[in-house]
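If you want the building blocks of each chain, they are given just below.
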Amino acid sequence: MTTNDHEQLSHPQSTQSIDFSMVLASAVHDMKNSLGMLLNSLDELRQEQAETVGDSARFNTLQYEAERMHNDLVQLLGIYRLGENNLSAHVEEHFVPDFLAQQMARHTPLLEGMGIKLAIESDEINGFFDEDLLTGVLNNTINNAIRYTKSMIKLTAAMHDEFLVIGVEDDGNGYPENMQHNGTPSFKSLNFNNGSTGLGLFFASSVAQLHSNGDRHGYIKLHNDGRLSGGVFEIWLP
Amino acid sequence: MTEPTTNAIGASFGKLSYLVVDDFENFRLSMRQILRNCGADKIESVANASAAVQYCAYNHVDVVLCDYNLGEGKNGQHILEELRHKKLLKRSSLFLMVTAETSKEMVMGAREYQPDGYLTKPINRAMLEKRLGGLIAQRNALLPINREIDRENFPEAISLCLQTLPSQPRYKTWLMKTLADLYYQVGDFSHALKIHDDVLSQRDLSWARLGRGKILIANQNYDDAAATLKELVSQHPDYMEAYDLLAEALEKQGRPTQAQQILEKAAEHSPNALLRHKHLATLASSNQDMPTASKAWRQTVSLGTYSIHDNSEHYLALGQSLSDLSEGDSSSEAAAHADEALTILRRMEKRFAGQEDIKLRSRIIQSRVHAGQDRMNEAQSALDSIADELDPDLMHPDACLDYAKTLFRLGREKDAKGLLNALAIRCSDNPLLLQKIESLLDEPVGFRQKLQARSLNRDGIKAFEAGNLEEAVTTFNRALDIVPSHAALNLNLVQVLMKQHQDTTGDRELLKRCERCLEKLVDLPEQHRQHRRLISLRKKLEGMMS
């Protein structure tokens with residue numbers, strides 16, 4: 001549990017130039033671990049103080065925002081490794097319903113606290129993907145759905161055109177027109193001015209891209225044609 | 001929200017025994033509570049590594065939930081290695097690494113021992129119930145197979161895998177990997193290869209390509225192995241096991257320098273793997289790249305502090321390479337290396353105090369380090385401190401070899417040669433050792449001189465092949481100034497001189513110089529790799545002189 005500092009940076013004064021992205025990456029790493037501890041304490045607190053904080057809106061906000069930061073930092077590290085050309089997809093075969101159930105479990109306490117229902121609708125299929133990378137994507141997407149949904153979030157999985165399609169649907173107002181698209185946002189399209197940077201989508205589509213089979217690559221798709229009539233996020237994996 | 005589970009999952013949790021390892025009491029308590037809520041009953045918890053190992057030595061544990069970061073001392077990976085290495089944990093038991101990291105980098109330590117799963121903090125009940133529940137279900141489904149593997153009844157395990165495959169599509173990957181590994185273990189490489197090829201024919205999966213590379217190496221098909229693994233590394237620059245295997249393939253292909261470069265890259269990506277650093281250190285030493293070797297041995301020693309893989313050999317090797325690095329160099333950097341060598345060796349004497357020979361091995365190197373810094377009195381007194389153990393007939397061959405190296409450095413060339421000749425007779429059935437003896441007799445000098453002589457030798461050969469006989473002679477002579485008794489070098493020079501004799505009018509002075517070279521090799525033992533060449537050149541020379 002103790003935070004272990006593996007500082008591999010040489011002393012700034014002794015180097016000619018500071019590798020700032022590396023400084024950032026190790027700081028992010030540290031912050032992420034701290035947040036992990038914080039989230040752990042929040043989970044424990046929720047259990048210990050079930051009566052007082054169980055459905056407290058402020059406590060839910062606290063946990064939600066901490067989760068969000070944690071996800072952001074995980075993504076930042078992923079993008080850093082992507083930039084260092086040190087991230088690749090280690091694809092293995094997984095039983096999809098089991099995988100989705102595990103993803104759902106992580107969010108259960110918060111969703112129960114907020115009174116949001118979470119359901120899984122998955123075919124009994126095996127899929128090929130990198131478990132860790134997809135966990136990162138889904139954590140973020142579910143977290144995002146929590147923000148915009150009214151009462152329910154649904155995880156779906158099915159095969160379409162020889163792609164495994166994993167979806168996250170909500171019953172909120174859906175994605176605005178300009179966000180609905182297929183394919184890959186480029187790094188340049190990230191917008192740092194309007195609060196929502198699209199970093200999550202950039203990460204998700206990078207992860208999708210890393211999944212390939214033959215000459216087919218994965219991609220993401222955003223639309224509002226779901227059965228819950230809210231937004232639908234889909235990651236298509238070949 | 002906290003009512004105990006009563007369904008089938010709860011029942012399966014209840015049948016097993018658990019060990020929770022974490023240095024924080026709060027976490028141990030909350031983990032215990034979560035496990036109870038999932039239906040578990042037999043739960044023990046401990047705060048540190050030694051208590052964990054101790055507990056597993058005397059109790060049966062089905063599931064270990066171990067925190068990776070346990071503060072000062074051993075971490076979760078060390079515990080995993082120790083439990084599996086000492087066989088305190090059966091294959092049918094589950095080891096789960098609990099980690100604050102989302103990436104596995106920190107944990108990507110040893111290649112031999114992997115946990116059965118990772119749990120990423122924060123952990124809540126729903127998560128644990130799903131993740132652990134899934135692993136327990138898998139464990140139960142595969143228990144008959146793992147039991148046979150624990151009993152080392154591999155053929156039975158293989159047929160069980162084959163039986164289970166059609167009925168358990170959910171565990172297909174595990175079954176295929178295990179099957180391939182079992183075929184590999186029993187030496188049935190063609191079936192092992194077929195498993196991977198079948199998987200790859202459907203989809204390009206990195207684990208199957210890695211497995212394929214491993215089998216190709218075992219089949220001594222090094223070229224295909226290297227090609228496959230090179231491609232794998234370029235597509236998955238974060239796949240450490242692929243680097244290890246690629247280095248092995250390159251080494252077996254006879255490309256030690258490339259192999260070293262690959263391992264250097266891997267060691268940079270994953271700095272916590274002791275065995276990888278050790279592999280790199282060994283390779284760099286044999287490549288005479290002493291700076292890299294010292295660095296890698298230093299890492300190996302330091303990573304050994306809490307590891308089951310710790311070994312006095314690592315300290316000795318670090319001492320030796322630092323000795324090589326500092327030898328005959330009076331710079332302050334060299335002095336620091338010499339000091340470090342002495343410190344490391346003294347530390348080793350304490351850490352491995354009970355081990356036979358440890359003082360002997362240590363002082364032999366210490367003496368050489370002193371000699372390399374021109375401190376002849378200290379060098380001598382280091383040897384005096386082990387005088388009663390320096391018996392060439394009883395010393396371990398490795399110690400003997402090292403002692404001879406020290407004697408050369410002390411200027412006692414005759415003693416060193418006598419020692420090595422006696423050793424060669426004593427160990428005449430050990431070709432590897434004989435080869436080491438030859439190398440030391442050929443090049444009883446520091447690694448810098450060795451490298452210089454080797455490079456001159458290569459230049460000489462190039463000049464000879466280009467027809468520049470005069471230049472070849474000069475170059476070989478310069479090399480022989482450094483290593484006068486080097487067998488191959490002397491014979492190279494003889495060959496050039498003979499060629500010159502043929503090409504010119506037959507200058508007899510050239511033949512006399514040949515004679516002098518061959519005289520230097522009069523004591524060359526019969527088992528020496530150059531012996532046959534020596535005999536044939538001697539005959540040829542006799543013919544030319546008559």
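Computed from a prediction, not measured in an experiment: that's the story for all the values here. (Residues numbered from 1 in each chain as written. Chains lettered and ligands numbered in written order. Predicted model: local features only at pLDDT ≥ 70, side-chain atom pairs only at ≥ 80, totals over all residues. Heavy atoms only, no water.)

Notes on the overall build of chain A
Next up, step 1: Scanning chain A from terminus to terminus reveals six helices and ten strands.
Next up, step 2: Counting all 238 residues of chain A, 50% fall into the buried class.
Next up, step 3: Residue pairs at least 24 apart in sequence account for 71% of intrachain contacts in chain A once pairs closer than 6 positions are excluded. (Helix = DSSP H or I, 4+ residues; strand = E, 2+ residues; numbered from the N terminus. Buried < 20%, exposed > 50% of the residue type's maximum accessible area, 1.4 Å probe, protein only. Contact = heavy atoms within 4.5 Å.)

Notes on the overall build of chain B
Next up, step 1: Along the backbone of chain B there are 26 helices and five strands.
Next up, step 2: Projected onto its principal axes, the C-alpha coordinates of chain B cover approximately 105 × 55 × 40 Å.
Next up, step 3: Evaluated residue by residue, chain B yields a buried proportion of 53% over its 546 residues.
Next up, step 4: Partitioning the contacts of chain B with sequence separation of at least 6, the portion at a separation of at least 24 is 61%.

A word on the UniProt feature "modified residue: 4-aspartylphosphate" (unreviewed entry) in chain B
Residue and element names in this part refer to chain B.
Next up, step 1: Mapped onto this structure's residue numbering, the UniProt feature "modified residue: 4-aspartylphosphate" (unreviewed entry) falls at D67.
Next up, step 2: Considering the arrangement of structural elements, one finds D67 in strand 3 (residues 63–67).
Next up, step 3: The class of D67 is buried, set by a relative accessible area of 2%. (UniProt positions renumbered as here; feature names shortened; annotations may be inferred.)

Considerations on the interface of chain A and chain B
Next up, step 1: Facing the 42 residues of chain A at the interface are 43 residues of chain B.
Next up, step 2: A:E92 is the partner of B:K177 in a salt bridge, and the nearest nitrogen-oxygen pair spans 2.9 Å.
Next up, step 3: Counting across the interface, chain A meets chain B through seven residue pairs in polar contact (both at pLDDT 80 or more).
Next up, step 4: Looking at the side of chain A that touches chain B, the elements that each hand over two or more residues are helix 1 (20–48), helix 3 (57–83), strand 1 (92–95), helix 4 (96–114), strand 3 (126–129), helix 5 (131–148) and strand 7 (212–213) of chain A. (Salt bridge = Lys/Arg side-chain N within 4 Å of Asp/Glu carboxyl O. Polar contact = N/O pair within 3.5 Å; in protein donor to acceptor, adjacent residues only side chain to side chain.)

Section: the packing of helix 1 of chain A against helix 4 of chain A
All names here are of chain A.
Next up, step 1: At a minimum axis distance of 11 Å, the contact between helix 1 and helix 4 shows a crossing angle of 55°. Accordingly, the angle class assigned to the pair helix 1 and helix 4 is oblique. Regarding helix 1 and helix 4, the two cross each other, and that crossing is left-handed. Facing helix 1, whose interface residues are L39, D43 and R46, helix 4 presents R106, P109, L110 and G113.
Next up, step 2: Across the contact of helix 1 with helix 4, the residue classes break down as three nonpolar, one polar and three charged. (Axes fitted to C-alpha atoms, helices over the stretch in contact; angles between N-to-C directions. Parallel < 35°, antiparallel > 145°, perpendicular 65-115°, else oblique. Left-handed = near helix turned anticlockwise from the far one by under 90°. Nonpolar A, V, L, I, M, F, W, Y, C, P; charged D, E, K, R; others polar.)

A look at the UniProt feature "repeat: TPR" (unreviewed entry) in chain B
Next up, step 1: Within the UniProt annotation, "repeat: TPR" (unreviewed entry) is assigned to residues 453–486 of chain B.
Next up, step 2: This span, residues 453–486 of chain B, is 79% helix and 0% strand, and a straight line between its end C-alpha atoms measures 10 Å.

Regarding the domain arrangement of chain A
All names here are of chain A.
Next up, step 1: Domain annotation for chain A reports domain 1 (12–83) and domain 2 (92–237).
Next up, step 2: Contacts between the two partners involve 18 residues from domain 1, matched on the other side by 17 residues from domain 2.
Next up, step 3: Interface of domain 1 and domain 2: buried area, both sides summed, is about 1600 Å²; carbon and sulfur atoms make up 60% of it.
Next up, step 4: When the area that domain 1 buries against domain 2 is broken down by residue, the three leading residues are Y64, Q75 and I79, summing to 38%. (Domains from an automatic or database assignment. Buried area = accessible area lost by both parts, 1.4 Å probe.)

A look at the packing of helix 7 (residues 172–185) of chain B against helix 9 (residues 206–218) of chain B
Residues and elements named next belong to chain B.
Next up, step 1: Taken N-terminus to C-terminus, the directions of helix 7 and helix 9 make an angle of 5°; their axes are 11 Å apart at the nearest point. By the criterion of interaxial angle, the relationship of helix 7 to helix 9 is roughly parallel. Note on element contacts: helix 9 touches helix 7 through W207, K214, I215 and A218, opposite T173, M176, K177, D181 and Y184.
Next up, step 2: Taken together, the residues of the contact of helix 7 with helix 9 break down into five nonpolar, one polar and three charged.

Here we look at the pattern of salt bridges
Next up, step 1: Applying the stated criterion across every chain yields a total of 33 salt bridges over all chains.
Next up, step 2: Here B:K74 and B:E82 are joined by a salt bridge, their closest N and O atoms 2.8 Å apart.
Next up, step 3: Note that B:K405 is salt-bridged to B:D324, the shortest N-O span being 3.4 Å. Pair noted here: B:K405 is in helix 19 (residues 397–409) and B:D324 is in helix 15 (residues 312–326), with a separation of 81 residues, a long-range link.
Next up, step 4: With a relative accessible area of 17%, B:K405 lands in the buried category.
Next up, step 5: Take B:D324: its relative accessible area is 9%, and that puts it in the buried class.
Next up, step 6: What you see here is one network of salt bridges that share partners, running through A:E121, A:K154, A:E169 and A:R227.

Some details on the sheet that holds strand 5 (residues 117–120) of chain B
Residues and elements named next belong to chain B.
Next up, step 1: Strand order in this open sheet of five strands is 2-1-3-4-5, and the pairing throughout is parallel. At either end of the open sheet lies a strand with only one pairing partner, and these are strand 2 (42–46) and strand 5. Direction aside, neighbouring strands of the sheet carry axes that sit 20° apart on average.
Next up, step 2: As defined by bridge partners, strand 4 (residues 94–99) adjoins strand 5 across four bridges and the pair is classed as parallel. The partner of M97 across the bridge, within strand 5, is Y118. (Pairing = 2+ DSSP bridges.)

Overview of unusual backbone geometry
The phi torsion of most residues other than glycine is negative, and most of the peptide bonds are trans.
All names here are of chain B.
Next up, step 1: Its identity as a non-glycine residue notwithstanding, K87 has a phi of 55°, on the positive side.
Next up, step 2: Within the secondary structure, K87 sits in the loop between helix 4 (76–85) and strand 4.
Next up, step 3: According to the relative accessible area criterion, K87 is exposed, its value standing at 66%.
Next up, step 4: In this structure, E152 takes a positive phi of about 60° despite not being glycine.
Next up, step 5: Within the secondary structure layout, E152 lies in the loop between helix 5 (125–150) and helix 6 (154–167).

Here's the deal with the packing of aromatic side chains
Next up, step 1: Applying the stated criterion across every chain, the model contains seven aromatic pairs over all chains.
Next up, step 2: The rings of A:F163, A:Y219 and A:W236 are connected pair by pair, giving a single aromatic cluster.
Next up, step 3: The ring of A:F163 is capped by A:R216, whose NZ or CZ atom sits 5.0 Å from the centre of that ring.
Next up, step 4: Cation over ring: B:K214 sits above B:Y184, and NZ or CZ is 4.3 Å from the ring centre. (Phe/Tyr/Trp six-rings, centres within 6.5 Å; stacked < 30°, edge-to-face > 60°. Lys NZ or Arg CZ within 6 Å of the ring centre and 35° of its normal.)

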